[in-house]
Amino acid sequence: MDKHKLPSQFKIILIQISNFLHHIIQIQIQVISDSPAFFSSFSWLFIMALKLPLHFPSPPLFFHRNIAPFKHTGRRFGVFGSNATSQVTANFRSKSPDDINVLVTGSTGYIGKFVVRELARRGFNVIAVARERSGIRGRDDKNKTLEDFSSDSSSKSTTTTVCFSDVTDSETLNKSIDGLDLPIDVVVCCLASRNGGVKDSWKIDYKSSLNSLVAGRRRGATHFVLLSAICVQRPSLEFQRAKLKFEEELVKEAERCPDFSYSIVRPTAFFKSLGGQVESVKSGGPYVMFGDGELCACKPISEEDLASFMADCVLDDDKMRKILPIGGPGKALTPLEQGEMLFRLIGKKPIFLKVPIGVMDFSISILDFLVKNLPWLNLEDAAEFGKIGRYYAAESMLIIDPETGKYDAEKTPSYGKDTLEDFFRRVISNGMQGQELGEQNIF
Ligand SMILES: NC(=O)c1ccc[n+]([C@@H]2O[C@H](COP(=O)([O-])OP(=O)(O)OC[C@H]3O[C@@H](n4cnc5c(N)ncnc54)[C@H](OP(=O)(O)O)[C@@H]3O)[C@@H](O)[C@H]2O)c1
């Protein structure tokens, strides 16, 4: 029998089995924790991934401006600009910031917003590419984006130009940017899949990033700053493979064109990914961690500090043609240490809930089995989210020493001034506003 034509009752039974597995895991964990606070912890993000089938909001409709065609005026580029031209700008580093045009894609994201703000603060001419509905689940409209970006540049005389377009469609993006009739010196790409699914990761972290490169190159960009992730060192997830493939494109482009350079920024953990348990701990819940809480460690970095580091990459010669892993200030912290810090700041006696990592492995193996054997259940993304949760539960966000193959906190560079302790203090008093996780609730 064709498995795609299974009787609907049989399909329903299979979905019920899947849901049953989901409930079994929930019960296992509830027995361990006996606390609803567990479900507001990092671990429940993984469990949520098992809610079958997954529903994501439909992507918002995009609109792009009708723009006059680009007039070809300059010289040709290799693969990326075979039919295109540049207006300027290999030696942009000798110009003053207010003569340097920086195109930012992914400008409305958690990091992108701070990057736009920081570049504008430094006096660059920023061109922020945005969707007409942006932000988590498209909650911000065009006016909100214009408002956010108009106040960003108030400290200097430069203005941020907002270009509403569609980064997923190369032709549309090129037309929109051509329509501005501005040369581009530098592209800063902070794009990332909002739902972290398999197809979306390739569409955004690879293809749309590539579209940003092509669009920038057509207008003369000779430098590209990429927001990547330190975890691509040990890739096992689709978004990591997509990011790595795009990193390779940048390196190839620099090999082809000697006047082109890149800075690939690979940050460690963001604060937003570590603040999810503050509320539950504050209201008396345990701090939930996997294994003994020492399976992994990270040197978290704030949005402001990372944005500042990325802005440095625009002009700093020593950051050109480099892969730049970067963490925040202070020592690397394990989940156990983060939990201890949180209890100390809240002034409560620590209560830890240690979840065996095998819980995740068990669930992932079942989901993988279902993905392979019953593809029509559409569980590919659910399995991927489980793997993402598993990855972050056990892998450190630190440099891997190539000689030992082990994570090395000492070798992981630190930058900035914002500490996790200050962040926890702020969240304890003011909550998690501005620190919401993405649509997949994982990162
Ligand atoms: N979380 C961590 O601890 C951590 C650590 C290191 C590295 N990272 C990396 O940092 C990146 C996440 O950065 P972030 O948190 O700033 O991301 P984010 O808040 O999810 O922002 C993603 C950006 O990409 C844009 N985008 C996504 N899908 C799009 C689409 N279909 N069309 C147009 N634009 C789209 C978003 O635009 P809209 O606003 O229009 O949706 C937004 O501007 C990821 O690559 C992750 O691997 C994360």
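By the naming in an unreviewed UniProt entry, the chain is Divinyl chlorophyllide a 8-vinyl-reductase, chloroplastic, taken from Zostera marina. A UniProt comment under Catalytic activity (unreviewed entry) is attached to the chain, and it reads "protochlorophyllide a + NADP(+) = 3,8-divinyl protochlorophyllide a + NADPH + H(+)".

Peer 1: Where do I start with the nonpolar core in this structure?
Peer 2: Nonpolar side chains in soluble globular proteins tend to end up buried together. Among the nonpolar cores identified, the biggest contains 101 residues, and V102, V104, V115, A128, V188, V265 and M310 are the most heavily contacted of them. Excluding its chain neighbours within four sequence positions, the residues that come into contact with V265 are V225, L226, L227, S228, F309, M310, C313, L324 and I326.

Peer 1: Would you take a moment to explain the site of the ligand for this structure?
Peer 2: With respect to spatial proximity, 27 residues lie near the ligand, and among them T108, G109, S134, A192 and A229 are the closest. Here the shell around the ligand takes 3 residues from helix α3 (residues 110-121), the largest share from any one element. Of the residues belonging to the shell around the ligand, the class tally is 14 nonpolar, 11 polar and 2 charged.

Peer 1: Sorry if this is basic, but what is going on with the pairing of strand β4 (residues 186-189) here?
Peer 2: Looking down a regular strand, the side chains alternate between one sheet face and the other. Covered by surrounding structure in β4 are V186 and V188 together with V187 and C189, the residues of both alternating faces. Strand direction decides the pairing type here: strand β1 (residues 101-105) and β4, joined by 4 bridges, are parallel. Across the sheet, the residue bridging to V104 is V188, located in β4. Looking at chain direction, β4 and strand β5 (residues 223-227) are connected through 4 bridges and run parallel.

Peer 1: Explanation requested: helix α7 (residues 238-256) in the structure shown.
Peer 2: Since one α-helical turn is 3.6 residues long, residues separated by three or four positions face the same way. The end-to-end C-alpha distance of α7, which contains 19 residues, comes to 27 Å, matching closely the 27 Å that a straight helix rising 1.5 Å per residue would cover. Buried within α7 are the following residues: E238, F239, Q240, A242, K243, F246, L250 and E253. Buried residues along α7 sit in contact with α6 (198-218), β5, β6 (261-267) and α12 (380-394).

Peer 1: Help me out: how do you make sense of the packing of α6 against α7 in this one?
Peer 2: Between two packed helices, both the angle of their axes relative to each other and the distance between the axes serve to describe the pair. Their axes nearest at 8 Å, the elements α6 and α7 cross at an angle of 15°. Here α6 is positioned roughly parallel relative to α7, judged by the angle of their axes. Note on packing geometry: the crossing formed by α6 with α7 is right-handed. Facing α6, whose interface residues are V198, S201, W202, D205, Y206, S209, L210 and L213, α7 presents E238, F239, A242, K243, K245, F246, E249 and E253. Looking at side-chain class alone, the contact of α6 with α7 contains 8 nonpolar, 2 polar and 6 charged residues.

Peer 1: Help me understand unusual backbone geometry in this model?
Peer 2: Negative phi characterises most residues that are not glycine, and trans characterises most peptide bonds. Residue R137 is not a glycine yet carries a positive backbone phi of 55°. With respect to the secondary-structure elements, R137 resides in the loop between β2 (125-130) and α4 (142-152). Using a count of 15 C-beta atoms within 10 Å as the deciding quantity, one classes R137 as partly exposed. Positive phi, normally seen in glycine, also occurs at N378, with a value near 55°. One can find N378 in the loop between α11 (358-373) and α12.

Peer 1: What should I look at first to understand the confidence of the model for the chain in this one?
Peer 2: Low-confidence regions, as indicated by low pLDDT, have predicted coordinates that should not be scrutinised in detail. In the predicted model, the chain carries a mean pLDDT of 83, and 77% of its residues have values of at least 70. Considering only residues more than four positions removed or in separate chains, one finds that residues 1-6, a stretch of pLDDT under 50, has 3 contacts. Every residue in residues 22-88 scores below 50 in pLDDT, and together they form 122 contacts with partners more than four places removed in sequence or on other chains.

Peer 1: What is the right way to read α6 from this model?
Peer 2: Relative to the 30 Å expected for 21 residues at 1.5 Å per residue, α6 spans 29 Å between its end C-alpha atoms, a close match to the ideal helical length. The largest bend along α6 reaches roughly 30° and is located at K207. Counting buried positions along α6 yields 15 of 21 residues, so the element is predominantly enclosed. Positive backbone phi, at 100°, marks G220, one or two positions downstream of α6.

Peer 1: Which parts of the structure should I look at to understand the packing of α11 against α12?
Peer 2: α12 packs onto α11 with a crossing angle of 155° between their chain directions and a minimal axis gap of 9 Å. Relative to α12, the element α11 lies roughly antiparallel. Pair α11 / α12 crosses with left-handed handedness. Here M360, S363, I364, L367, D368 and V371 of α11 lie close against α12, whose contacting residues are E380, A382, A383, G386, K387, G389, R390 and A393.

Rules used throughout
Residues numbered from 1 in each chain as written. Predicted model: local features only at pLDDT ≥ 70, side-chain atom pairs only at ≥ 80, totals over all residues. UniProt positions renumbered as here; feature names shortened; annotations may be inferred. Core = buried A, V, L, I, M, F, W, Y, C linked by C-beta atoms within 7 Å. Buried ≥ 20, exposed ≤ 12 C-beta atoms within 10 Å, placed from the backbone. Contact = placed C-beta atoms within 7 Å. Near = placed C-beta within 6 Å. Helix = DSSP H or I, 4+ residues; strand = E, 2+ residues; numbered from the N terminus. Nonpolar A, V, L, I, M, F, W, Y, C, P; charged D, E, K, R; others polar. Pairing = 2+ DSSP bridges. Expected span 1.5 Å × (residues − 1). Axes fitted to C-alpha atoms, helices over the stretch in contact; angles between N-to-C directions. Parallel < 35°, antiparallel > 145°, perpendicular 65-115°, else oblique. Left-handed = near helix turned anticlockwise from the far one by under 90°. pLDDT = per-residue confidence, 0-100. Bend = angle between axes of the 7 residues up to and from the residue.

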